[in-house]
Each structure stands twice: as structure tokens, then as C-alpha cells.
Amino acid sequence: MRYLVLLALAAASANAQTSLTLIVRDAGTAAPLAGAQLVVSGVSGSTDAFGRADLLGVEPGQVRIEAAYSGYIALDTTIAIEQSVSNLALLPLRPDLEMLGDVVVEAESVNDAVLRRRGFFERRETRSGVFRTREELDRRGASQFADVFRGVPGVRVQRRGGVTSLVSTRRRGCLMQMYIDGTEMTYLAGNVDAVPFDDIAAVEVYRGPAEVPLEYTQTKSQETCGAVLVWTRIVASNR
């Protein structure tokens, strides 16, 4: 099982402050773990209600990350922090269960269960929008995140100055809101190439404010012109 996915997100300028965002989730359900205890190179912190912790001024280079949550197996790993960029690390923790022998859970079954719990299939049946599962994206020949939006009306992938952004064609190039596993990641709309395509389980695209589900209308930005919900894949095993 992969315990860590690290994204290096392009900064707005060469002098931007180095930062690290940590998101701690249940490896089986993708539910956020609020109050998870974190230690990053000796600096302590904890996650908020969304399982997120933001750390500014992190020294670049190899840093050690320790994550602990009651009832879960503690994680101790290292990642490379890049200077003058926003670094994002997703930390899935596994429940600390009794040893049950060799058990392997198929990733497809786990991901379908997670998507079902997060309401993906229900929304696909009842709401307007564009819905793509991993299998559908593979059949369409998608190989990077920008390919998800190929042929989707109302959404345009814009490339300027080496940065790829996702904008609405209905609201004069307004940036779409981006969510990763239910957590808003505003800056990803301006750097969609940073989303690792291999980790995607499913994507929901809502092309205007009227389509966006109520629980995703309260955004950090003042203007909402649509939203993209990305659900990541989980490869689960217990050895």
C-alpha cells in the first residue's frame, strides 16, 4: 500500500514562502481524521475538522513526518520539501486491527465502497454534471488530469506561462473550485498539472453554481463558477 502521495505545487512567484499542507485520512474510507497528531522535523501540530494542517516556513529538503491517531497505526516517513512552493502530502492511516492472517482487498472493491459512501454514485444518478470513474477515464484514453475535461462543455483547460489552470467558459475565465477527497484545494485550480492522474478514482465536474451540490457551495473564495470533485484511489492490503 502506498502510504504517501506528495504533490509539489507551483508557487505564484519565485520568492513565495515554502509551505507544507498535510491531510490525514482513513485509508479505508477516506474520511478525514480530525485531531490527528503530527510532528514534522520536531515541530508539532494537529489536524482540523477536515483532517488538514497547514505549516508555513518549512525548511526545504528531506523532512521527517510522524502522524498518529487513536485506534490507527502510526505513520513515520520522510518526504522531500521543495523550496518556494506549496507542498501537499496526503497521509492515509490504517486502523490498528488484530492480525487476521494474510488478507488482500481488491482496490476496485475498496474504491467502489469509498465512492458509494461519499455519495458519488447517488449524485451521478440524481444531479446534473459530468461524472467519470477511473475505468471510464482509462477507456477514453486519458493519461493526465487535464484530459479529464476534454469534450466537457463549459470548462476549459488554459495553459499560460507554463501553468495549466481550469477555468469556466461561462463566467469569463473564472477559476473552478477544486476539492480533493472532499477538502477544498483552491490553489489547485491554477495548477491542475499538479494533480497526479494515477491516483484518481473518480471525478465530478459541476459547470456552474446551480449544479454544485449544497455541501460544496461554501467556498473560501468570493466567487463560485463551478466545482470539480476529485476522489483518490486507495490500494488496500493487510499483511
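Residues numbered from 1 in each chain as written. Predicted model: local features only at pLDDT ≥ 70, side-chain atom pairs only at ≥ 80, totals over all residues. Heavy atoms only, no water.

Undergrad: Hey, could you run me through the packing of aromatic side chains in this one?
TA: Geometry of an aromatic ring pair is reported as the spacing of the ring centres plus the angle between the planes. In this structure the tally under the stated criterion is 6 aromatic pairs. Judged by centre distance (5.5 Å) and plane angle (65°), the rings of Tyr-69 and Tyr-72 are edge-to-face. The exposure class of Tyr-69 is partly exposed, given its relative accessible area of 29%. Arranged with centres 5.0 Å apart and planes meeting at 70°, the rings of Tyr-179 and Tyr-216 form a pair that is edge-to-face. Note that Tyr-179 is positioned in strand 13 (residues 177-180) and Tyr-216 in the loop between strand 15 (200-206) and strand 16 (227-232), a separation of 37 residues in sequence. Owing to a relative accessible area of 4%, Tyr-179 belongs among the buried residues under this scheme. One aromatic cluster is present, built from ring pairs that chain together Phe-120, Phe-121, Phe-131 and Tyr-206. Between the NZ or CZ atom of Arg-134 and the centre of the ring of Phe-197, over which it lies, the distance is 4.3 Å. (Phe/Tyr/Trp six-rings, centres within 6.5 Å; stacked < 30°, edge-to-face > 60°. Buried < 20%, exposed > 50% of the residue type's maximum accessible area, 1.4 Å probe, protein only. Helix = DSSP H or I, 4+ residues; strand = E, 2+ residues; numbered from the N terminus. Lys NZ or Arg CZ within 6 Å of the ring centre and 35° of its normal.)

Undergrad: How do you make sense of the sheet that holds strand 7 (residues 75-81) when you look at a structure like this?
TA: Taking strand neighbours across the sheet as the criterion, the 4 strands line up as 4-3-6-7 in an open arrangement whose pairing is antiparallel. The outermost strands of the open sheet, each flanked by one partner alone, are strand 4 (43-46) and strand 7. Going across the sheet, the axis of each strand differs from the next one's by a mean of 25°, ignoring polarity. Alignment of strand 6 (residues 61-68) against strand 7, held across 7 bridges, turns out to be antiparallel. When the sheet's bridge partners are listed, Gly-61 is paired in strand 7 with Ile-81. (Pairing = 2+ DSSP bridges. Axes fitted to C-alpha atoms, helices over the stretch in contact; angles between N-to-C directions.)

Undergrad: Is there a simple way to think about the pattern of salt bridges in this case?
TA: Side chains that differ in charge, positive against negative, can pair when their charged atoms come close. Overall, the coordinates contain 8 salt bridges when judged by the stated rule. For Asp-147, the salt bridge identified is with Arg-150, shortest N-O distance 3.7 Å. We classify Arg-150 as partly exposed; its relative accessible area is 48%. Between Glu-211 and Arg-207 there is a salt bridge, and its shortest N-O distance comes to 3.1 Å. Here Glu-211 and Arg-207 have matching classes, each one buried. Linked by salt bridges that have partners in common, Arg-64, Glu-66 and Asp-76 make up one network. (Salt bridge = Lys/Arg side-chain N within 4 Å of Asp/Glu carboxyl O.)

Undergrad: Any chance you could explain the sheet that holds strand 10 (residues 130-133) here in plain terms?
TA: What holds strands together in a sheet is hydrogen bonding between their backbones, with the strands either parallel or antiparallel. With respect to topology, 5 strands assemble into an open sheet ordered 10-15-16-13-14, the strand pairing being mixed. The sheet is open, and its two edges are formed by strand 10 and strand 14 (183-184), each paired on a single side. Judged from the 4 bridges that link them, strand 13 and strand 16 form a sheet pairing that is parallel. The residue of strand 16 that forms the bridge with Gln-177 is Ala-227.

Undergrad: I'm lost on the pairing of strand 3 (residues 37-40) in this one. Help?
TA: Consecutive side chains along a regular strand alternate between the two faces of the sheet. Taking every second residue as pointing to the same face, the buried face of strand 3 carries Leu-38 and Val-40, while none of Gln-37 and Val-39 on the other face is buried. The sheet contact formed by strand 3 and strand 4 spans 4 bridges and is antiparallel. Residue pairing across strands places Val-39 opposite Ser-44, the latter belonging to strand 4. Of the pairings in the sheet, the one linking strand 3 to strand 6 comprises 4 bridges and is antiparallel in character.

Undergrad: Got a minute to help me understand the nonpolar core in this structure?
TA: Where a protein is soluble and globular, its nonpolar side chains tend to be buried together. Counting residues in hydrophobic clusters, the biggest one holds 27 residues, and the most contacted among them are Phe-145, Met-178 and Val-228. If you list the elements that add at least two residues to this core, you get strand 8 (86-93), strand 13, strand 15 and strand 16. The greatest single-element share of this core, amounting to 3 residues, is contributed by strand 15. If sequence neighbours within four positions are ignored, Val-228 has contacts with Phe-145, Phe-149, Leu-166, Met-176, Gln-177, Met-178, Tyr-179, Val-203, Glu-204 and Val-205. Counting residues in hydrophobic clusters, the runner-up holds 20 residues, among them Ala-36, Ala-53, Leu-75 and Leu-93. (Core = buried A, V, L, I, M, F, W, Y, C linked by side-chain atoms within 4.5 Å. Contact = heavy atoms within 4.5 Å.)

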